[in-house]
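Residues per chain, in single letters:
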Amino acid sequence: FPTCNQNEDLIGTWNGYEVNGSSGWAATFSEAQLLVSDSFYVEWNIGNYSTNTSTTPNQIDYTVDGQVSLGIFKIEGNILTITFNEPGVSTRPSSFFSTSTARTFVFTKE
């Protein structure tokens, strides 16, 4: 799908927490790469991403080590909410709720 200019809104560092999980998460977006990590770098991933902002909710594909995580996201002011399915799950999340295969993060832009 087409990469849209909302990437410009994503670029930068965002800090926040995982819904029903821990705080201290960061997401750093460049033009094509995304680094997601906890505050201790115990869990972290770096990969390429692409977005489609012509849908509601906006879509994001995050590819790490050849595996794709399908996700959705929204930006409201300086708040980014993003939900990813686990890599290899062939469907995209339909809502911003964590499930057995999806993780939701809420970030504030630095």
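The structure we're discussing is the one just above.
Report follows, based on the coordinates. The structure presented is a predicted model; accordingly, all values stated were derived computationally and were not measured. (Residues numbered from 1 in each chain as written. Predicted model: local features only at pLDDT ≥ 70, side-chain atom pairs only at ≥ 80, totals over all residues. Heavy atoms only, no water.)

### Comments concerning the overall build of the protein chain
Formally: Note on conventions: DSSP H or I runs of at least 4 residues are helices, E runs of at least 2 residues are strands, and numbering of each starts at the N terminus. Residue exposure (1.4 Å probe, protein chains only): buried if accessible area is under 20% of the type maximum, exposed if over 50%, otherwise partly exposed. Here the positive residues are Lys and Arg and the negative ones are Asp and Glu; neither His nor the chain ends is included. The atom standing in for a charge is NZ when the residue is Lys, CZ when it is Arg, CG when it is Asp and CD when it is Glu.
Helix and strand content of the protein chain: 1 helix and 8 strands. Taken from N to C terminus, the helices and strands of the protein chain fall in the order α-β-β-β-β-β-β-β-β. Considered along the principal axes of its C-alpha atoms, the protein chain spans approximately 35 × 30 × 25 Å. Residue burial in the protein chain is summarised as follows: out of 110 residues, 38% are buried. When the 4 positive and 11 negative side-chain charges of the protein chain are each reduced to one mean point, those points stand 6 Å apart.

### Concerning the pairing of strand β1 (residues 12-18)
The side chains of a regular strand alternate between both faces of the sheet. Selection rule: We call two strands paired when DSSP finds no fewer than two bridges between them.
Judged from the 6 bridges that link them, β1 and strand β2 (residues 23-29) form a sheet pairing that is antiparallel. The residue bridging Thr13 from the neighbouring strand is Thr28, located in β2. The turn linking β1 back onto β2 is made up of 4 residues, and Asn20 within it adopts a positive phi angle of 60°.

None of this, on its own, says anything about what the molecule does.
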